[in-house]
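What follows is each chain in one-letter form.
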Amino acid sequence: MLIALFWLRLEARPVAGSEWLWVVVLALLPALAPLLWLRLALIVPTALVAMWVALDLSSTDGRPGFFEPVFVRFDDGFFDYYDVRVPFSGIDHPHMHGVLVLAIFGFCVALAQFAAARKPLPAVLTVIAGAGWPAALYPVETTFYGAMILAALLWVLAGLRAARP
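Residues numbered from 1 in each chain as written. Predicted model: local features only at pLDDT ≥ 70, side-chain atom pairs only at ≥ 80, totals over all residues. Heavy atoms only, no water.

Chemist: I'm lost on the nonpolar core in this one. Help?
Modeler: Within soluble globular proteins, side chains that are nonpolar generally end up buried alongside one another. With 27 residues, the main nonpolar core has W7, Y81, L100, I104 and F105 as its most contacted residues. With 11 residues, the top contributor of residues to this core is helix α5 (residues 94-116). Beyond its immediate chain neighbours, meaning those up to four positions away, Y81 contacts L10, V86, F88, M96, V99 and L100. L2, V127, I149 and A152 belong to the second largest nonpolar core, which has 12 residues in total. (Core = buried A, V, L, I, M, F, W, Y, C linked by side-chain atoms within 4.5 Å. Buried < 20%, exposed > 50% of the residue type's maximum accessible area, 1.4 Å probe, protein only. Helix = DSSP H or I, 4+ residues; strand = E, 2+ residues; numbered from the N terminus. Contact = heavy atoms within 4.5 Å.)

Dropping the structure here:
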């Protein structure tokens, strides 16, 4: 949730809805599988659903198929981050919002996989990158966010050091 909170700070007027919550749940689902190969295989369908949810593929734009609209919307949203100041309006820039939601998914799926594999160092680095990147894009004049990242890092380390049940 901390990763989602930091990424959602980049939106001044967020899009109404809870796509970000759905993609966090989708990111956690593959980590529940008992075997590594099954966890990795389940990432593919959850990523496809996350792309569909985040980039709002239910609305038609005249493009056939699935992957071309995904690529076009992701490309537009990604490169808008170079042209639009943050915090941005998610209503005025829906493709940027979609890229933001996919970033939440990507970091959460990586964190969940490293936690499921009981790899503390990659999990800590994922938290640092997932929360630090948006904090660098839109810095604040307080140490509260840094303290939140530190608390999350300590929580991850403490959770992964516990003996396996």
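Chemist: Where do I start with the environment of G98 in this structure?
Modeler: Inspection of the secondary structure puts G98 in helix α5. Its relative accessible area of 0% is what places G98 among the buried residues. Each C-alpha atom of the pair G98 and A54 lies 4.6 Å from the other, and the pair is 44 residues apart in sequence. When residues no more than four places from it in sequence are discounted, the contact partners of G98 are A54 and L55.

Chemist: What is the right way to look at the environment of G106 in this model?
Modeler: Looking at the element boundaries, G106 is found in helix α5. Overall, G106 belongs to the partly exposed group, its relative accessible area being 33%. Along the backbone, G106 and V24 are 82 residues apart, and their C-alpha atoms lie at a distance of 9.2 Å.

Chemist: How should the packing of helix α6 (residues 120-137) against helix α7 (residues 144-161) be read in this particular structure?
Modeler: Two numbers describe how α6 lies on α7: the axes approach to 10 Å, and their chain directions differ by 160 degrees. Here α6 lies roughly antiparallel to α7, going by the angle between them. In the crossing of α6 with α7, the sense of the turn from one axis to the other is right-handed. Along its contact with α6, which presents P120, A123, V124, V127, I128, A131 and G132, the element α7 presents I149, A152, L153, V156, L157 and L160. When its residues are assigned to classes, the contact of α6 with α7 shows 12 nonpolar, one polar and no charged. (Axes fitted to C-alpha atoms, helices over the stretch in contact; angles between N-to-C directions. Parallel < 35°, antiparallel > 145°, perpendicular 65-115°, else oblique. Left-handed = near helix turned anticlockwise from the far one by under 90°. Nonpolar A, V, L, I, M, F, W, Y, C, P; charged D, E, K, R; others polar.)

Chemist: Before we go on, may I ask you to explain the packing of α5 against α6 in this structure?
Modeler: Packed helix pairs are specified by the crossing angle of their axes together with the interaxial distance, meaning the distance between the axes. As a packed pair, α5 and α6 sit with axes 8 Å apart at the nearest point and diverge in direction by 165 degrees. One element, α5, and the other, α6, form an angle in the roughly antiparallel class. Note on packing geometry: the crossing formed by α5 with α6 is left-handed. Of α6, the residues touching α5 (which contributes F107, A110, L111 and F114) are P122, A123, T126, V127, A129, G130 and W133.

Chemist: Help me out: how do you make sense of a nonpolar patch on the surface in this one?
Modeler: Together, M1, L21, V25, L29 and L32 line one region of the surface with nonpolar side chains, adding up to about 490 Å² of accessible area. Mapping V25 onto the fold places it in helix α2 (residues 19-28). (Patch = residues over 30% accessible without salt bridge, like charges linked within 9 Å, V, L, I, M, F, W, Y side chains within 5 Å. Areas by Shrake-Rupley, 256 points an atom, 1.4 Å probe, with all protein chains shown as cover. Salt bridge = Lys/Arg side-chain N within 4 Å of Asp/Glu carboxyl O.)

Chemist: Where do I start with the side chain of T46 in this structure?
Modeler: With respect to the helices and strands, T46 occurs in helix α3 (residues 36-54). A polar side-chain atom of T46 sits 3.0 Å from the main-chain carbonyl oxygen of L42. Leave out the neighbours within four places in its chain, and T46 touches L26, P30 and F105. (Polar contact = N/O pair within 3.5 Å; in protein donor to acceptor, adjacent residues only side chain to side chain.)

Chemist: How should the packing of aromatic side chains be read in this particular structure?
Modeler: Where two aromatic rings form a pair, the distance of their centres and the angle of their planes describe that pair. A full pass over the atoms with the stated rule returns 10 aromatic pairs. Taking 5.3 Å as the distance between ring centres and 85 degrees as the angle between the ring planes, the aromatic pair formed by F78 and F79 counts as edge-to-face. Residue F78 is classed as partly exposed on the basis of its relative accessible area of 32%. For F79, a relative accessible area of 45% gives the class partly exposed. Every member of this aromatic cluster is reached through a ring pair, and the members are F74, F78, F79 and Y82. The side chain of R9 reaches across the aromatic face of Y145, ending 4.6 Å from its centre. (Phe/Tyr/Trp six-rings, centres within 6.5 Å; stacked < 30°, edge-to-face > 60°. Lys NZ or Arg CZ within 6 Å of the ring centre and 35° of its normal.)

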